[in-house]
Amino acid sequence: MQNVTRLPASAGSGQIRIVHLGLGAFHRAHQAVYLERYRQRSGDDAWGVSSANLRTNVALVDALREAGHRYHVAEYADSEHVTIREIGVIEETHFTGRDKSTDGDGQWGRDREALLSRLASPETCLVTLTVTEKGYFLSPASGELLVDDPMIAADIASPETPCTAPGLLVEALRQRRGAELAPFTVLSCDNMPDNGKRTRDAVVQLAARRDTELAAWIEREVAFPCSMVDRIVPAMTEEDFARLAELGIEDPNAVVGEAFSQWVVEDDFPLGRPAWEADGVEMVADVAPFETMKLRMLNGSHSLLAYLGALDGIETVAEAVGRDDLVALLRRYMLDEAAPTLAMPEGTDLTAYAEQLLARFANDSLRHRLQQIAMDGSQKLPQRWLHGAQARLAVDGDVACTALGVAAWIRYTAGNDLAGQPHAVDDPLAGRLADLHARHGDDVASLVRAFLAVEDVFPPALAAEPRFTEAVVDAYTTLTKQGLDGALAALGRA
Ligand code: NAI
Ligand code: CS2
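Once a new chain begins, its residue numbering starts again from 1 and follows that chain's sequence as written. In the order they appear in the text, chains get letters beginning with A and ligands get numbers beginning with 1. This being a predicted model, a pLDDT of at least 70 is required before a residue's local features are given, and a value of 80 or more before pairs of side-chain atoms are given or counted; all residues contribute to the totals for chains, interfaces and linings. Hydrogens and water molecules were not included; the side-chain quantities draw on all heavy atoms of the structure.

> For this particular structure, what's the right way to read the packing of helix α5 (residues 112–120) against helix α7 (residues 165–178)?
For any two helices packed against each other, one specifies the crossing angle of their axes together with the interaxial distance. Put simply, α5 and α7 touch, their axes get as near as 9 Å, and they point 55° apart. For the element pair α5 / α7, the angle class is oblique. Judged by the sense of rotation from one axis to the other, the crossing of α5 with α7 is right-handed. Between α5, through R112, L115, L116, L119 and A120, and α7, the contact on the second element is made entirely by L168, E171, A172, Q175 and R176. Each residue receives one of three labels: charged for Asp, Glu, Lys and Arg, nonpolar for Ala, Val, Leu, Ile, Met, Phe, Trp, Tyr, Cys and Pro, and polar for the others, Gly being one of them. Its residues placed into classes, the contact of α5 with α7 shows 6 nonpolar, 1 polar and 3 charged. To get an axis, a line is fitted to the C-alpha atoms, and for a helix only the part in contact is used. The angle between two axes follows their N-to-C directions and goes from 0 to 180 degrees. Every helix listed is a DSSP run of H or I at least four residues long, and every strand listed is a run of E at least two residues long, numbered separately from the N terminus. Should an angle lie under 35 degrees it is considered roughly parallel, over 145 roughly antiparallel, and from 65 to 115 roughly perpendicular; all remaining angles are considered oblique. Should the near helix be turned anticlockwise from the far one by less than a right angle, the crossing is termed left-handed; should it be turned clockwise, right-handed. Residues count as neighbours in contact if any of their non-hydrogen atoms are within 4.5 Å of one another.

> Just checking my understanding: could you explain the domain arrangement of the chain for this structure?
Frequently, the measure chosen for interface size is the accessible area that the parts lose on association. Along its sequence, the chain is carved into domain 1 (3–284) and domain 2 (288–493). Computed from C-alpha coordinates alone, the two centres of domain 1 and domain 2 are separated by 29 Å. Summed over both partners, the accessible area (1.4 Å probe) lost when two parts come together is defined as the buried area. Counting the surface lost from both domain 1 and domain 2, the interface buries some 2600 Å², and carbon and sulfur atoms represent 55% of this. A side-chain nitrogen of Lys or Arg and a carboxyl oxygen of Asp or Glu constitute a salt bridge if their distance falls within 4 Å. Inspection of the region where domain 1 meets domain 2 yields 4 salt bridges. Notably, a salt bridge pairs D230 with R360, separated by 2.9 Å at the nearest N-O pair. Residues adjacent in sequence count toward polar contacts only when both atoms are side-chain atoms; beyond that, a polar contact is any pair of N or O atoms within 3.5 Å, and within protein one must be able to donate a hydrogen and the other to accept it. Inspection of the region where domain 1 meets domain 2 yields 14 residue pairs in polar contact (both at pLDDT 80 or more). Those elements that place two or more of their residues in the side of domain 1 that touches domain 2 are β4 (71–78), β9 (227–230), α10 (238–246) and β10 (255–258). For the purposes of this description, domain bounds are those given by an automatic or database domain assignment.

> What is the right way to read the environment of R39 from this model?
Positionally, R39 belongs in helix α2 (residues 31–42). Note: C-alpha distance between R39 and S10 (29 residues apart in sequence) is 7.1 Å. Once you skip the residues sitting within four places of it in the chain, R39 turns out to touch S10, A11, G12, D44, D45, G48, G88, V89 and E91. At a separation of 3.0 Å, a polar atom in the side chain of R39 contacts the side chain of E91.

> Explain the sheet that holds strand β5 (residues 81–87) here, please?
Across a sheet, strands are paired by hydrogen bonds formed along the backbone, either parallel or antiparallel in direction. Taken in spatial order, the 4 strands make up an open sheet running β1-β5-β4-β10, and their pairing is mixed. The strands lining the two open edges of the sheet, one partner per strand, are β1 (3–7) and β10. Along the sheet, successive strands turn relative to each other by an average axial angle of 20°, direction set aside. For two strands to be treated as a pair, DSSP must find no fewer than two bridges joining them.

> What is the right way to read the sheet that holds strand β8 (residues 185–188) from this model?
Sheet architecture is open: 5 strands sit in the order β6-β3-β2-β7-β8, paired in parallel fashion. The open sheet has two edge strands, β6 (90–95) and β8, and neither has a second partner. Between one strand axis and the next, the sheet turns by 20° as a mean value, whatever way the strands run. Sheet analysis places strand β3 (residues 48–53) next to β6, joined by 5 bridges and oriented parallel. Of the residues in β6, the one forming a bridge with S50 is E92. Docked against the sheet, helix α3 (residues 58–66) engages β3 and β6, running at close to 145° with respect to β6. Of the strands in this sheet, β2 (16–21), β3, β6 and β7 (126–129) touch α5, which is tilted by about 130° from β2.

Here it is in structure tokens:
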């Protein structure tokens, strides 16, 4: 018998102080839940949210409007215990987007003026973002703005009609400065290292293309606190909707996630913020140790499962950690390759953290597809694996699991699994990576060298490290000749 707890939404007053860019599953199941808890506990309804999609998913914006911006979040502790919350903190939604499916039917730029006025409004104190790693248009390895990307080039050419997140922030900040309004605080909630600093880099570099004084003002006046966000929120499946329907929730905008949730935020909010400490948000002076821990241990493990599992036809995280050899791989990776690279505050127990992660991955109420995690590998690898590998190599440490992961990623980007079944490679560099496969074919050493020479992903110092290159070549050879079982067995012997 399932234990179901249902929590109704608060009634808002329509006041909006937060603008969110990137109205995806995660925003609905993380930030919105903290704000809902805050509103219900404190009775303060001033921190309503205006939430926007800039690129994809106009359908969600329209469906939320239709539903009066109410929707449900199902939080699964396990298959027996679920809490279903109704969320009422999103007060309005916008779509400014451009993607292949919407360009054709006149949606491009649809609500851009409304979103810009909301951003420039004196009431707006905080702008939050979940636009995925690629939405910042920075080289993942160097952090430089991708000025040749067509979307950024368009924002440089026509800065008053921006289409990217950095472009919208620059234009809105320009308008605020012109109106002598204090700038809003910008809080990135994406899985990037130093996500606040990276967001500032993107915005300042883009502003400098337009007006160096504006860029200097942004650098001086705008707060970009860093944050670490954590809650597993997979993309919804038909099965998820059907399970909710059985509980009487017929909601096309519902999202499903785990019960666990964490949000660690640097406390730098010049225009104020909700007093959300009592609602589980951890306010700290320096987020970096928590962010690095989560990126290397949780996300690093996820990516290992994603590429190795997908190559072997495994579909979900829970299914993958049903295999003892994959669990052994994750333990070794987390404890021998990731944990030793972390400088944590005293009292942090990384062994306990690793075990907690394994238990979270085993939650089979979530159908967290490996193919979803495998997306955008070029944007994820540096912070999840490569910075840690560099630190391990510097002290002559082991990098065997990371090398196997990199080998699996390279093989994955060929577009089929080890049995030859095709899969889509969803990555901004997919075309470039496919060319490398076409050019180097079965010559493993030259293929691996060509991949490691992609400087947007691999730091040149790591690519120049023979211990790493050789380990990737060996792992690639074993993986392709002996399959996942053989590769994991070989690793166990090493
Ligand atoms: P989603 O697929 O539901 O939504 C993605 C969002 O990003 C959409 O709003 C989409 O329009 C936007 N987007 C994609 N590319 C963009 C671009 N180039 N420019 C502007 N916007 C763009 O994904 P979800 O689950 O909401 O995750 C989004 C991000 O949130 C992740 O990439 C990650 O950084 C962060 N996150 C997600 C977690 C999860 O478990 N889902 C957990 C922790 C962090
Ligand atoms: C995942 C993360 O999609 C991915 O790449 O590793 O989104 C992961 O689910 C979250 O970071 C958990 O907080």
